[in-house]
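An overview of the molecular structure
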Amino acid sequence: MRRAAASGRAVTTLLVTVAVLAPGCAAHGLDFRQDTRVHILRPHNDSTVELPVTISWRVGDFNVTGPDDGAGSDAGYFGVFVDRAPQPPGQPLSWFARHDQSCATPAQCITPTYLADRNVYTTTLTQFTITQLPRSTLGSIGGRELHDVTIALLDGQGRRIGESAFYVEFLVKQKSSVV
Amino acid sequence: MPRRPAPDVDVETVAAGAEELRAAGRAAMGVTGETGQVPPLRKILRSRGVGWYPLIALSLLVIADQFQSYGFTVLAPEISATLGISKGAIAAALAVKTLAIALAPLPMAALVQRRARRAVLSVATGVAWSVFAIGTGFVISAAGLLAVLSADGLSSGSISGLHTPLLVDIYPPEARVRVLSYYTSAGSAASVAAPLLVALVAGVLGFTWRGVFAVAGLVSLACALGAFRLRDPGFGRWDTQKLRDMARRHEDETLSVAPPSSDLAEAEVSLGFFEIVRRLLLIPTVRRLMIANAVFGVLLIPFQTFLIFFLQERWGLGPGGRGVFLAFTAGVSVVALLIFGRPGERAFRRDPGRIMRLGGYLQALAVVLICLAALSPWFWGMVALFALAFAALAILTPALAVGVLSVIPAEMRPHASALSYIFLGGVGGLLGAFFLNGIDNHFGIVGTIISLIIPGVIGSLVLASTGGLIVADIDRMIGEVIEDTEIQEITRSGGHLPMLACRGIDFSYGQVQVLFDVDLTVDDGEMVALLGTNGAGKSTLLRVISGIGLPTSGSVRYRGAEITYIDAERRVRLGITQIPGGRAVFGPMSVVNNMRSFAYTLGADRRAVDRRIDASFAAFPRLAQRRNQAASTLSGGEQQMLALSKALILKPRLLLIDELSLGLAPIVVGQLLDMVRQINAEGTAVVLVEQSVNIALELVDHAYFMEKGEMRFDGPASGLLARDDLLRAVFLEGTAKGSGR
C-alpha cells in the first residue's frame, strides 16, 4: 500500500515536471551546430575600445539582398543589436513594438529611428559604426564600461533567420560611452 | 496516593553504564587517540569489505553536475542572443536556480528522514538533472529556461544534502577524512574538467550551446547510470548503529530480553523535520560550525565573482586566461586535498579538536594569502598565492564536514548537511555579496579582496574555537545514543521505568544559564512537589518538561521515550499538560471557548469535547454559571478553576501545575487542591510547583527543592521538612514579602 502511494507520488511528480517543462521546449528548428556564416572581425572579444567604434564582420553563404520581402533563409540583411538581445528566432522587427500602446499596429511603428531608440539597427553592409552607447547595464571594470553587440541574420521581411546570433563583448572607456 | 515504586533499573544506573561504554563509543567514532601512522586506505577498505565504487560513483555525479553549471555560466551571452531574451532574464533565471540549489537540500533531508534511501535518491536526482541538462538544450523561451533551471537546481540539492552523509555511512570512521577529502577533490577536479568539456564540444566539435548542454547532459546521464549499483547501507552502520549494538550487548549481560512491549509508538516520539533542525542548532559545535560555514561561504561564493573582476582589471586576463587561472588553482586544490587526507585522518583519530583548530588556522592562512595575492606586484606570485589560498580553503570542506557529522546521530546528518549548505550558500553567499559589493563601491577591487581579512579572521577564530567543544559533543552524542538504546532495552525486557525522568538538564536564556544539571523523576500516578525560592528555576524546569523551552543539554524521558526535543504541542498529545503560573486563561474569550481551546488537541470529535466540558462544569459549578462570561471578568480563584479545567478536559497522564495558589484566598486554595487531589486519584501524575511549602507538603509524599538552578533536595516530603537550611530561604523570602520589604 505504502509502495503504491510512493509510486503514485513519483508518477505525479514526473507528470507535473513534464507539464511545466514541455511548453518551454521544442524539438524542431533548433540549431545544435554552430553557424559559421558570420565571423566578427573587430573589435576582438574583451578588447578595450574608444568611441566611435566600428564593428566589422565577414559573411559567407549568405546573400545580402536587403529588405526585399523575401523569406529565404540564405538571403536578407543584418540586424545589429547593441547591449540587448535580438528578437526571438522567426520573429520580425515589429516584435520590438509588440507592447507599444502608441502603435496602431506594430509594423507601422518600425522605422529606423524607432528601432535605434531601442538600440536596434539594420544594415546591408558588413560593418557598423557606433558613435554613442547607452549606459552599460553589464557593469564596468576599472573605469571601462562593458558593452556587447550581437549580429543576427534577417530575411527580406525582417524576420530573424534561425537561431544564429554572433556576439562580441568589449570595454569602452566610461567618459566616452555615456549618451 | 500511590507510593513511588523503585524502578527495576534507575536512570542513574543506566547513566553509569553509558559512561563505561563511552570510551568504546569514541573508538567506534574513529577517535582512538592513537598517534601512529594511519593504515593505507585500500587496506582499511579491504579489511572492512568496502569498495571504491561508492566513492567513484558519487564523485562522478558531483563532477557531472558541474558541467551544466559551468556551461550555463560561460554560455549565458549566447543563450541570451539565441533565444532573444535579455541578460536580466538570464540573471533572474540563474538567481532562481541558485535559490533552488540553496533550498533543495532541506526537502532532500526530509525525504530520507524516516528511511535511509539516500543512494536511490542520489541516483534518481542524478538522472533527473541529467535529463534537465539535456532539456536545457531544447529550451525555446525564458519561461522554459526558468523551469528547466529551477528543476535542475532542485534536483542537484541531493549533492549537498545527501552525498556526504551517505559517504560517512558507507565508509568506516577510520577512512572518513580521506574519503571526504577525495570526494571534495572530485568537485575541484570538475572545475578543470568542465571548461575542457565545453572547450571540446563548442570549440573543437563546433556545437552551439544547445549541443553543449545536450552532450553535458548525456555525459551526466552516463555518470548517473554508472551509479545505479549504489546502495544505502542504512543510518550509522559504522557508528550510531554500532553504538546501539554495543549498548544492547551490554544490556543483554544484565537483563533477560523479553519480546518488545513499547509504550509509545516510535512515530509518536520520533523527531519531525523542524524539530531535528532545531535540535541540531542547540549543539554548540554545530552552532559554531554553521557560523564558520557562513564565513566560508563569503570566501567561496561572492569572492569568486570579485576575483574574476580582479583578474580582468588588475592583470588584464580575458576569459581564456581566467579559465586557465581557475583550472590551475583548482588543480592545486585537488593535489592539496589528496595530500591532506592522511594527516587529516591522523589528526582526527588522535583528537578531533585538532582538525577543527587546524581548519581555523588554515582559514586564517587562506585570507592572509588572498590579501598578499591581491597586493602582489608579480603575476606569477599572485597566481601562486591564490593557488595556495584556494588549496587551504579546499581542505576546509572535508574538515568542516567531518566536524559537523561527527557530533550528531546518523539519522540527522542529511539535515546537518543541508543546514551547512544553507549557511554556506544562503547566509554566507548572500550576505557576502552585499558586504563585498559595498566595499567595492568605496575601496575598489583590491580593497574588497583585502577586506576579506575581517570576516576571514572572525571565521577562523570561531572555527578554531570548536576544537574545544567537539570532543564533549561527540561524547554527548555517544551518551545519548547509548542511553536511549539501554532505556529501550529495559522497556522491552519489561523493566520498570519512571513515567518522567529528566536527567542532567542544563537550560539557558540566551547566554544566561539558569538550570544546572537538574534531575527529576516522577512515577505513574505520583504527585510530587517542586519547591524553591523565587528564581530557582522551577518554572523553567516545567517549561523544559512541557517542551516550551529546550535544554542545552540533558534528556527528558517520558514513558521510556526520549522527548527532549519534540514540540510542546506533540507532548500534549502524548499526555503532558502544563497549567502555567499566573492566570492561565485567554482573557477576552468566554469560559466555554477557553475550554474549547484547551480541547484543541482532541481533534474534531465535538461530542467528546462537549462531554468533557460538561464534566468540567459539573466539577466547577461556578464556571457553569459564568460559561458565556469573558474569562478576564472572573475572579482570581475562578480563573484558576478554569485553568485547572484543562486537566479535566485533556485528561493528561502528567499534569504540571505552576503556582496554583498564588494570591488566592485560603478557602479557594482548598477547593482547588481538592480538585488536584481528585485528578491525581484518577491516575494523573502531578508535578506541583508551589511557593507555599505547607500547602505543597500537605499534598505530596515526595518533594524536590531547587535553589539557584540546582536541585538541592530529592526525597520524601517529611525529609524536606527537617531541612531547615533549605526551607529557611523560602520562609525568609516569604517573611520579607509579607513585611513589604
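Counting of residues starts from 1 at the beginning of each chain's written sequence and follows it residue by residue. Each chain is given a letter, starting from A, and each ligand a number, starting from 1, according to the order in which they appear as written. For a predicted model such as this one, the threshold for reporting local features is a pLDDT of at least 70, and the threshold for listing and counting side-chain atom pairs is 80 or more; totals across whole chains, interfaces and linings nevertheless cover every residue.

**Structural notes on the overall build of chain A**
The cut-off we apply is this: The secondary structure listing takes helices from DSSP runs of H or I that are at least 4 residues long and strands from runs of E that are at least 2 residues long, numbered from the N terminus. Note on burial: count the other C-beta atoms lying within 10 Å of the residue's C-beta; 20 or more is buried, 12 or fewer is exposed, in between is partly exposed, and C-beta positions come from the backbone. Working definition of a contact: two residues with C-beta atoms, positioned from the backbone, lying within 7 Å.
Secondary structure assignment for chain A yields four helices and ten strands. Helices and strands appear in chain A in the N-to-C order α-β-β-β-β-β-α-α-β-β-β-β-β-α. Seen through its C-alpha atoms, chain A measures out along the principal axes to roughly 70 × 45 × 40 Å. Within chain A, the fraction of its 179 residues that count as buried is 26%. The contacts of chain A with a sequence gap of at least 6 include a subset with a gap of at least 24, amounting to 67%.

**Digging into the domain arrangement of chain B**
Definition in use: Boundaries between domains were set according to an automatic or database domain assignment.
By the assigned domains, chain B splits into domain 1 (38-238), domain 2 (255-497) and domain 3 (505-738). If you average the C-alpha positions of domain 1 of chain B and of domain 3 of chain B, the two centres end up 53 Å apart.

**Description of the packing of helix α3 (residues 53-83) of chain B against helix α4 (residues 87-103) of chain B**
Residues and elements named next belong to chain B. Going by this rule: In this description, a line fitted to the C-alpha atoms serves as the axis of each element, helices being fitted only across the stretch in contact, and the angle between N-to-C directions of two axes falls anywhere from 0 to 180 degrees. It is the rotation of the near helix from the far one that decides the hand of a crossing: anticlockwise by less than a right angle makes it left-handed, clockwise makes it right-handed. For this scheme, ten residues count as nonpolar: Ala, Val, Leu, Ile, Met, Phe, Trp, Tyr, Cys and Pro. Four count as charged, namely Asp, Glu, Lys and Arg, and the remainder, Gly too, count as polar.
Two numbers describe how α3 lies on α4: the axes approach to 9 Å, and their chain directions differ by 145 degrees. Regarding α3 and α4, the two cross each other, and that crossing is right-handed. From α3, Phe72, Ala76, Ile79 and Ser80 reach across to α4, where they touch Lys87, Ile90 and Leu94. A per-class count over the contact of α3 with α4 returns five nonpolar, one polar and one charged.

**Topic: the interface of chain A and chain B**
Counting from both sides, the interface comprises 27 residues of chain A and, opposite them, 32 residues of chain B. Of all the elements in the fold, those that place two or more residues in the side of chain A that touches chain B are α1 (2-21), β9 (144-154) and β10 (160-173) of chain A. The element contributing the most residues to the side of chain A that touches chain B is β10(A), with four residues. A per-class count over the side of chain A that touches chain B returns 14 nonpolar, six polar and seven charged.

**Considerations on the environment of Ala202(B)**
Residue and element names in this part refer to chain B. In this structure, Ala202 sits in helix α9 (residues 176-204). Ala202 sits in the buried class, given 20 other C-beta atoms within 10 Å. The spacing of Ala202 and Glu174 is 28 residues in sequence and 44 Å in space, taken between C-alpha atoms. Contacts of Ala202, omitting those with residues within four sequence positions, involve Phe207 and Val212.

**Side note on the sheet that holds strand β1 (residues 500-509) of chain B**
Residues and elements named next belong to chain B. Definition in use: When DSSP finds two or more bridges between two strands, those strands count as paired.
Read across the open sheet, the four strands follow the order β2-β1-β4-β5; overall the sheet is antiparallel. Because the sheet does not close on itself, it has two edges, and the strands there are β2 (512-522) and β5 (561-562). Sheet topology note: the β1/strand β4 (residues 553-558) ladder contains five bridges and is antiparallel. Each residue of the ladder has a partner; that of Arg503, found in β4, is Ser555.

**Observations regarding the sheet that holds strand β6 (residues 576-579) of chain B**
Residue and element names in this part refer to chain B. If you walk across this open sheet you meet the six strands as β6-β7-β8-β3-β9-β10, and the pairing is mixed. Pairing within the sheet leaves two strands with one partner each, and these edge strands are β6 and β10 (710-716). Here the strands of the sheet are splayed against their neighbours by 15 degrees on average, with no regard to which way each runs. Inspection of the sheet shows strand β3 (residues 527-532) paired to strand β9 (residues 702-707) by five bridges, in the parallel sense. Along β9, the bridge assignment pairs Val528 with His702. Together, β3, β6, β7 (654-658), β8 (685-690) and β9 form the strand contacts of helix α22 (residues 538-546), whose direction differs from that of β7 by roughly 150 degrees. Docked against the sheet, helix α28 (residues 666-681) engages β3, β7 and β8, running at close to 150 degrees with respect to β8.

**Re the environment of Phe296(B)**
You can see Phe296(B) is positioned in helix α14 (residues 284-300). If we skip the residues at most four places from it in the chain, Phe296(B) touches Leu396(B), Leu400(B), Leu424(B), Gly428(B) and Gly459(B).

**Observations concerning the pairing of β9(A)**
Residue and element names in this part refer to chain A. Judged by how many residues are buried, β9 sits mostly within the fold: nine of eleven residues are covered. Two strands pair when backbone bridges link them, and β9 and β10 are joined in this way by ten bridges, in the antiparallel orientation. Directly across from Asp148, in β10, lies its bridge partner Glu169. The turn joining β9 and β10, which pair antiparallel and follow one another in sequence, is formed by five residues; a positive phi near 85 degrees is taken by Gly158.

**Here we look at unusual backbone geometry**
With an omega of 0 degrees, the peptide bond between Arg42(A) and Pro43(A) qualifies as cis. Considering the arrangement of structural elements, one finds Pro43(A) in the loop between β1 (38-42) and β2 (47-49). In this structure, Pro52(A) follows Leu51(A) across a cis peptide bond, with omega equal to -5 degrees. Positive phi values are uncommon outside glycine, yet Arg559(B) reaches one of about 50 degrees. Note on placement: Arg559(B) falls in the loop between β4 and β5.

**Let's talk about the packing of α14(B) against helix α19 (residues 413-451) of chain B**
Residue and element names in this part refer to chain B. What counts, and what does not: Here roughly perpendicular refers to angles of 65 to 115 degrees, roughly parallel to angles under 35, roughly antiparallel to angles over 145, and oblique to all remaining angles.
Orientation of α14 relative to α19, taken along the N-to-C sense of each, is 45 degrees, at an axis distance of 7 Å. Classed by the angle they form, the pair α14 and α19 counts as oblique. Where α14 crosses over α19, the two elements pack in a sense that is right-handed. Across from Val286, Met290, Asn293, Ala294, Val295, Phe296, Gly297, Val298 and Leu300 in α14, the residues of α19 making contact are Ala416, Leu419, Ser420, Phe423, Leu424, Gly425, Val427, Gly428, Gly429, Gly432 and Phe435. Looking at the contact of α14 with α19 residue by residue, the classes come out as 13 nonpolar, seven polar and no charged.

**Digging into the environment of Leu385(B)**
Along the chain, Leu385(B) turns up in helix α18 (residues 379-406). Excluding residues within four positions of it along the chain, Leu385(B) makes contact with Leu369(B), Leu372(B), Ala373(B) and Ser376(B).

**Here we look at the pairing of β2(B)**
Residues and elements named next belong to chain B. The pairing of β1 with β2 spans seven bridges and is classified as antiparallel. Across the sheet, residue Cys502 finds its bridge partner in β2, namely Leu520. Remark: two residues form the turn of the hairpin made by β1 and β2, two consecutive strands paired antiparallel; Gly510 in that turn has positive phi of roughly 65 degrees.

**Description of the confidence of the model for chain B**
Residue and element names in this part refer to chain B. Under the convention used in this document: On a range of 0 to 100, pLDDT expresses the predictor's confidence in each residue.
Of all residues in chain B, 93% have pLDDT values of 70 or greater, and the mean over the chain is 85. In the model of chain B, helix α31 (residues 724-738) stands out as the element of lowest mean pLDDT, 59, in contrast to α22, which has the highest, 94. Below a pLDDT of 50 lies the segment residues 255-262, which in the model reaches 17 contacts outside its immediate sequence neighbourhood of four places, other chains included. Predicted confidence is poor over residues 734-741, with pLDDT under 50, and the contacts of this stretch with residues over four places away or in other chains come to one contact. Quick note on the complex model: pTM equals 0.83, ipTM equals 0.83.

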